[in-house]
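Residue-level structure breakdown
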Amino acid sequence: MDSHLRDLRYFVAVAEELNFTRAAERLFVSQPALSKQIRRLEDDLRVRLFDRDKRAVTLTAPGTALLPAARDMLGRWDQAQREVADAAAAEASVLTVGLSTSVGRGLLGAVRDRFAERRPGWRLRMRQINWEDASAGLASGDVDVAFVWLPIPAQDSFHLRVVAAEERWVAFREDHPLAGRAEVDFAELLDEPFLVLPHSAGPLRDHWLGTSHRAGRPARIGATVANADETFTAIEEGSGIVLLAAGNAAIYRRPGVRAIPVTGLPPSELAAAWRRGDERTAVRDFVDALPTVP
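Not measured: the values here are computed from a predicted model. (Residues numbered from 1 in each chain as written. Predicted model: local features only at pLDDT ≥ 70, side-chain atom pairs only at ≥ 80, totals over all residues. Heavy atoms only, no water.)

What follows deals with the overall build of the protein. For the protein, the helix and strand inventory stands at nine helices and 13 strands. Oriented by its inertia axes, the alpha-carbon framework of the protein measures out at about 65 × 55 × 30 Å. Counting across all 294 residues of the protein, residues that qualify as buried make up 46%. Long-range contacts, defined as pairs at least 24 residues apart, comprise 73% of the intrachain contacts of the protein with a sequence gap of at least 6. If you sum the accessible surface of the protein, you get close to 14,800 Å²; carbon and sulfur atoms cover 51% of it. (Helix = DSSP H or I, 4+ residues; strand = E, 2+ residues; numbered from the N terminus. Buried < 20%, exposed > 50% of the residue type's maximum accessible area, 1.4 Å probe, protein only. Contact = heavy atoms within 4.5 Å. Areas by Shrake-Rupley, 256 points an atom, 1.4 Å probe, with all protein chains shown as cover.)

Next comes the structure, spelled out in structure tokens:
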């Protein structure tokens, strides 16, 4: 992205959040890097855009004047990028699908077959995205559609179709005292160290910590993991335990790791997601190829 557009995107995030920490998490950058870019933009414009103190961040008069123009410029640029990407995808006859973990469940094979019936000559290209981006590349525009676990940040920005609803399980190192059980209640896990998603995953991080079912008790964090390989390693090292969906339990069945069902938690939902306003027929054909959940 052009550096000036990046600076404007950073400015808009801070202006909307009025908090540098939340804006940095939203942008997937560090807070010092964000502050540096805002200072650079202020230097370039020779104005102060924000008033900052220890308690609050507020827009100055120049900042207030810049905000609608910045939003308009970014909106136009984002639309231009989408149109270019759409044209390239149509020319290549490829639809890019974002994934954060192995989808399994026979979903991909079924969707490929049904999509091919609707779009002969097209193909689905899979792109693996780390867990820093809970939208699996959709928010950044790197993919056309994505399979995501709910909830995700800025969820209202996307259309969603749930394709699987599954109970949550837990994975331990095989010598963990609870690993030999047939199942375990979530209340028995509250004091365990948990492996967690990066902070940028927002509500999805809380979902896999069971935060809403901890009665206010804070979670113990054993380690932060960004993908399945890091998770396997952390479990085997004894850094913590991790919640997962029942349909993913099979990929955790490996020497040294044991996964069992957890009671006391509602199911997890796997959904296909696509951007609001994306009316391309290829995207619609992909959505129509998805299975329905009763």
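Once you've had a look at it, read on.
Right, let's get into the environment of D72. One can find D72 in helix α4 (residues 61-92). In this structure, the C-alpha to C-alpha distance between D72 and T292, residues 220 residues apart in sequence, is 38 Å.

Okay, the packing of helix α5 (residues 107-118) against helix α9 (residues 281-288) next. For the pair α5 and α9, the least separation of the axes is 8 Å and the interaxial angle reads 135°. The orientation of α5 relative to α9 falls into the category oblique. At the point where α5 passes α9, the crossing takes the right-handed sense. Of the residues in α9, those touching α5 at V111, F115 and R118 are A282, D285, F286 and D288. When its residues are assigned to classes, the contact of α5 with α9 shows four nonpolar, no polar and three charged. (Axes fitted to C-alpha atoms, helices over the stretch in contact; angles between N-to-C directions. Parallel < 35°, antiparallel > 145°, perpendicular 65-115°, else oblique. Left-handed = near helix turned anticlockwise from the far one by under 90°. Nonpolar A, V, L, I, M, F, W, Y, C, P; charged D, E, K, R; others polar.)

For strand β5 (residues 145-149), the tally of buried residues reaches five of five residues, placing the bulk of the element in the interior. Residues V145, F147 and W149 line one face of β5 and the alternating positions A146 and V148 line the opposite face, and both faces are buried. Here strand β3 (residues 94-99) runs beside β5; their pairing, made up of two bridges, is parallel. In the strand pairing of β5, V97 is matched with V145. Note: β5 against strand β13 (residues 268-275), five bridges, orientation antiparallel. Along β13, the bridge assignment pairs A146 with A273. (Pairing = 2+ DSSP bridges.)

The full count for this structure, using the stated rule, is eight aromatic pairs. Measuring from centroid to centroid gives 6.4 Å for F115 and F286, while their planes differ by 65°, and the two rings are edge-to-face. Taken together, the residues F115 in helix α5 and F286 in helix α9 connect sequence positions 171 residues apart. The burial state of F115 is the same as that of F286; both residues are buried. Consider the rings of W149 and W208, whose centres lie 5.8 Å apart with planes at 80°: the pair is edge-to-face. Pair noted here: W149 is in strand β5 and W208 is in helix α6 (residues 203-209), with a separation of 59 residues, a long-range link. Judged by relative accessible area, W149 falls into the buried class, the value being 9%. Three or more aromatic residues joined by ring pairs form one cluster here, namely F115, W122, F147 and F286. (Phe/Tyr/Trp six-rings, centres within 6.5 Å; stacked < 30°, edge-to-face > 60°.)

With that settled, consider the nonpolar core. Membership of the largest hydrophobic core comes to 71 residues, with the highest contact counts inside it found for F147, V170, F172, L189 and F286. Beyond its immediate stretch of four places on either side in the chain, F172 contacts L178, A179, V184, L189, I235, I241, G256, V257, R258 and I260. Grouped together as the second largest cluster of nonpolar side chains are 22 residues, F20, I38, L49 and L67 included. (Core = buried A, V, L, I, M, F, W, Y, C linked by side-chain atoms within 4.5 Å.)

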